[in-house]
Amino acid sequence: MTAAVVSGSPPSAPTDRPHRAIPAGEVLDLTGLRNVEFGDTEDELTRRGILRTDVQGCGWTLAGHTAISPVFVDDRLVLIWLGDSTRTTEGVGVGSPLRQVRARYPQLTPLHAPQGTYRLNGLLARDGDRAYLFLHDGRTVRKVIAGYADWAERLFAEGHGPC
């Protein structure tokens, strides 16, 4: 995987700010997005006009989804970092409160970031060989990654990302 920091910014103190509304967007399930499935190859997606390398950013993007980052290992799509308006089939996305995540995914595995880092803690919702990884600040989801469970756990443990 390409190296980058998983976290973003350090956790902030709780506030009384209202929860921001998140616009409806693409829905991702544990098979992938519309026209994109985990396990697809870079060549397949490029040939179909779905994988784009011609945009500025930190790597590949999916046509029509500039805020979604695919992660490939050995030429296969193994993870997708969701954009702010993308949701899981259960309606969870960036900005969702943790109580919603816990209600929608009762079988979560907590993952703890190393102390002294600015990495976020995680909650892993595994279903067979696939999973959602919700990185959070203790109150809300800050990043959502979906794909093969082993790669999501490895990403969390090693602190890598799409850039």
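Residues numbered from 1 in each chain as written. Predicted model: local features only at pLDDT ≥ 70, side-chain atom pairs only at ≥ 80, totals over all residues. Heavy atoms only, no water.

Asker: Honestly, the overall build of the protein chain in this entry has me stumped. Any pointers?
Answerer: The helix and strand inventory of the protein chain stands at three helices and 12 strands. Taken over 163 residues, the protein chain has a buried fraction of 47%. Excluding contacts between residues fewer than 6 apart, the proportion of contacts in the protein chain whose partners are at least 24 apart in sequence is 55%. (Helix = DSSP H or I, 4+ residues; strand = E, 2+ residues; numbered from the N terminus. Buried < 20%, exposed > 50% of the residue type's maximum accessible area, 1.4 Å probe, protein only. Contact = heavy atoms within 4.5 Å.)

Asker: Help me understand the nonpolar core, please; the structure alone is not making it clear to me.
Answerer: For soluble globular proteins, the rule of thumb is that nonpolar side chains tend to be buried together. Counting residues in each nonpolar core, the largest one holds 44 residues, and the members touching the most others are Val36, Ile80, Val101, Tyr105, Tyr132, Leu133 and Phe134. Elements represented by at least two residues in this core include exactly β6 (69-73), β7 (76-81), α2 (98-104), β9 (108-111), β10 (121-127), β11 (130-136), β12 (141-148) and α3 (149-158). Not counting residues up to four positions away in its chain, the partners in contact with Val36 are Thr31, Leu45, Arg48, Ile50, Leu62, Leu77 and Ile80. (Core = buried A, V, L, I, M, F, W, Y, C linked by side-chain atoms within 4.5 Å.)

Asker: Looking at this structure, how should I read the sheet that holds β10?
Answerer: Two orientations exist for strands paired in a sheet by backbone hydrogen bonds: parallel and antiparallel. Taken together, the six strands give an open sheet; going across it, the order is β6-β7-β12-β11-β10-β9, and neighbouring strands pair in antiparallel fashion. At either margin of the open sheet sits one strand with a lone partner, and together these are β6 and β9. Here the strands of the sheet are splayed against their neighbours by 20° on average, with no regard to which way each runs. (Pairing = 2+ DSSP bridges. Axes fitted to C-alpha atoms, helices over the stretch in contact; angles between N-to-C directions.)

Asker: Can you help me understand unusual backbone geometry in this one?
Answerer: A negative phi holds for most residues other than glycine; trans holds for most peptide bonds. One non-glycine residue, Asn35, lies in positive phi territory at about 70°. Residue position: Asn35 is located in the loop between β2 (32-33) and β3 (36-37). Phi is positive for Asp75, close to 70°, though the residue is something other than glycine. When you line up the elements, Asp75 lands in the loop between β6 and β7. Here Asp75 falls in the partly exposed class, since its relative accessible area comes to 30%.

Asker: I keep staring at the side chain of Asp137 and nothing clicks. Help me out?
Answerer: Looking at the element boundaries, Asp137 is found in the loop between β11 and β12. There is a polar contact of 2.8 Å between the side chain of Asp137 and the backbone nitrogen of Thr140. Within polar-contact distance, the side chain of Asp137 engages the side chain of Arg142 at 2.7 Å. (Polar contact = N/O pair within 3.5 Å; in protein donor to acceptor, adjacent residues only side chain to side chain.)

Asker: Just checking my understanding: could you explain the pairing of β12 for this structure?
Answerer: Remember that side chains alternate between the two faces of the sheet whenever the strand is regular. Counting buried positions along β12 yields six of eight residues, so the element is predominantly enclosed. Where β7 meets β12, three bridges bridge the pair, whose relative direction is antiparallel. Bridge assignment links Trp81 to a residue of β12, and that residue is Ile145. In terms of strand pairing, β11 meets β12 through seven bridges, oriented antiparallel. Across the sheet, residue Phe134 finds its bridge partner in β12, namely Val144. Between β11 and β12, which pair antiparallel in sequence order, lie four residues; one of them, Gly138, sits at a positive phi of approximately 100°.

Structural measurements only, silent on function.
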